[in-house]
Every structure is written in C-alpha cells, then in structure tokens.
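Here is how the chains run, residue by residue.
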Amino acid sequence: MKRRDFMGLAAAGLVLPRVLSAAPLEFTPGLVAQRLAAGDTVFLDFKASWCSTCAAQEKVLTRLKAANPDYEANITFIDVDWDTYGRSTYTQSMNIPRRSTLVVLKGDQEIGRLVAETREAEIKALLDAALSAAMA
C-alpha cells in the first residue's frame with residue numbers, strides 16, 4: 001500500500017465516525033408516536049436557537065454522546081423547535097413548562113425529565129436512564 005493511500009484511509013477513519021454520528025431528528029407531529037410504536041427510546045429536546053440554556057445543554061449533550069457512542073446507537077434523539085411547537089397541543093399535553101426541557105420516553109412511560117438543567121452529571125444521568133430503558 002502506498003503511503004499516500006494509507007494516510008488517506010487513516011484520515012477517513014478519524015473523520016468517518018463524526019460524519020456517521022446520527023443528527024437529531026426534527027420534530028414533526030406524529031413522529032414521536034411513530035418512534036415509540038416502533039419500540040424506540042426517545043430523547044426529546046425542547047429548544048430554541050436563541051436560548052442560552054439550550055446552547056449550554058447542547059454542548060453537554062454533544063460531549064457526552066462523543067464519549068459514549070452507545071447513546072446515539074440506541075436512543076432516538078428528537079429536537080423540538082420551541083418557536084414552532086412551544087404552544088402546540090403536543091407540548092401542552094406533555095406539560096412542558098419551557099424551552100430547555102429534556103424528556104425521555106419509552107413506550108407509554110416517561111423515563112425522566114430535566115428542566116433548564118445544564119450540569120453534566122444530571123444530563124448524563126438522564127442519558128444513562130434512557131440507555132438502560134433502550135437496552136431493557
């Protein structure tokens with residue numbers, strides 16, 4: 001193998017896992033019910049692009065997902081745009097008090113919820129609960 005080919009493959013090996021990491025799905029009406037019916041564990045992130053707490057949560061989530069690929073491999077992440085769906089029937093039925101709310105669902109049960117929480121340990125605990133539910 002030529003050195004140039006080897007370097008190209010090595011670089012691809014470093015970049016490919018980042019490219020393949022699953023981006024969160026964008027919420028649309030019916031998507032959560034569809035994923036839950038399929039047996040998925042769903043992690044909902046009610047967020048707004050202008051929300052500083054949401055941005056802090058996103059940094060923590062990104063760091064934790066990078067440290068443990070099992071999260072993205074076993075949990076369906078769905079972003080719910082607060083500006084679009086904050087006053088929707090779905091959001092109201094879930095009793096979501098505000099943006100920066102994180103909720104984990106499995107089947108017809110809520111596994112856990114955090115509101116305006118940015119501490120890594122708390123968000124990791126919610127991800128770990130989601131992973132446990134997904135693996136059960």
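Keep in mind that this is a model prediction, so the values were computed, not measured.

**So, unusual backbone geometry**
Residues other than glycine predominantly adopt negative phi, and peptide bonds predominantly adopt the trans conformation.
Okay, so step 1: Here N95, not a glycine, exhibits a phi torsion of approximately 55°, which is positive.
Okay, so step 2: Turning to its location among the elements, N95 is positioned in the loop between helix 6 (89-93) and strand 4 (101-106).
Okay, so step 3: A positive phi is found at A116, a non-glycine position, where the angle reads about 60°.
Okay, so step 4: You can see A116 is positioned in the loop between strand 5 (109-115) and helix 7 (120-135).
Okay, so step 5: Overall, A116 belongs to the partly exposed group, its relative accessible area being 31%.

**Considerations on the side chain of T41**
Okay, so step 1: The topology assignment puts T41 in strand 2 (residues 41-47).
Okay, so step 2: A distance of 3.4 Å separates a polar side-chain atom of T41 from the backbone nitrogen of A134.
Okay, so step 3: Setting aside chain neighbours within four positions, we find T41 in contact with N74, I75, T76, V104, L105, K106, A130, A133 and A134.

**Observations regarding the pattern of salt bridges**
Okay, so step 1: Evaluated as defined, the whole model comprises nine salt bridges.
Okay, so step 2: Taking the shortest distance from any N to any O, the salt bridge between K124 and D128 comes out at 2.8 Å. Note that K124 and D128 are positioned in helix 7 at a spacing of four residues, about one turn of the helix.
Okay, so step 3: Residue classification places K124 among the partly exposed residues on the basis of a relative accessible area of 34%.
Okay, so step 4: Connected through salt bridges with shared partners, the residues D45, K47, E58 and D79 form a single ionic network.

**Topic: the sheet that holds strand 3 (residues 75-81)**
Backbone hydrogen bonds hold the strands of a sheet together, and the pairing may be parallel or antiparallel.
Okay, so step 1: Strand order in this open sheet of five strands is 1-3-2-4-5, and the pairing throughout is mixed. The open sheet has two free edges, formed respectively by strand 1 (25-26) and strand 5, since each of these has just one partner strand.
Okay, so step 2: Note that strand 1 and strand 3 share two bridges and pair parallel. Residue pairing in the sheet places L25 in a bridge with I78 of strand 3.

**Here we look at the packing of helix 3 (residues 52-67) against helix 7**
Okay, so step 1: Contact pair helix 3 / helix 7: the axes reach a minimum separation of 10 Å and the direction vectors enclose 55°. It follows that helix 3 is oblique to helix 7 by the angle criterion. You can see that helix 3 and helix 7 cross each other, and the crossing is right-handed. Contact residues: helix 3 offers Q57, V60, L61, R63 and L64, while helix 7 offers E120, I123, K124 and L127.
Okay, so step 2: For the contact of helix 3 with helix 7, a count of residues per class yields five nonpolar, one polar and three charged.

**What about the packing of aromatic side chains?**
Okay, so step 1: Summed over all chains, the structure comprises three aromatic pairs.
Okay, so step 2: Arranged with centres 5.1 Å apart and planes meeting at 45°, the rings of F43 and F77 form a pair that is tilted. One end of the pair, F43, is in strand 2; the other, F77, is in strand 3, with 34 residues separating them in the sequence. For the pair F43 and F77, one class covers both residues: buried.

Thresholds applied
Residues numbered from 1 in each chain as written. Predicted model: local features only at pLDDT ≥ 70, side-chain atom pairs only at ≥ 80, totals over all residues. Heavy atoms only, no water. Helix = DSSP H or I, 4+ residues; strand = E, 2+ residues; numbered from the N terminus. Buried < 20%, exposed > 50% of the residue type's maximum accessible area, 1.4 Å probe, protein only. Polar contact = N/O pair within 3.5 Å; in protein donor to acceptor, adjacent residues only side chain to side chain. Contact = heavy atoms within 4.5 Å. Salt bridge = Lys/Arg side-chain N within 4 Å of Asp/Glu carboxyl O. Pairing = 2+ DSSP bridges. Axes fitted to C-alpha atoms, helices over the stretch in contact; angles between N-to-C directions. Parallel < 35°, antiparallel > 145°, perpendicular 65-115°, else oblique. Left-handed = near helix turned anticlockwise from the far one by under 90°. Nonpolar A, V, L, I, M, F, W, Y, C, P; charged D, E, K, R; others polar. Phe/Tyr/Trp six-rings, centres within 6.5 Å; stacked < 30°, edge-to-face > 60°.

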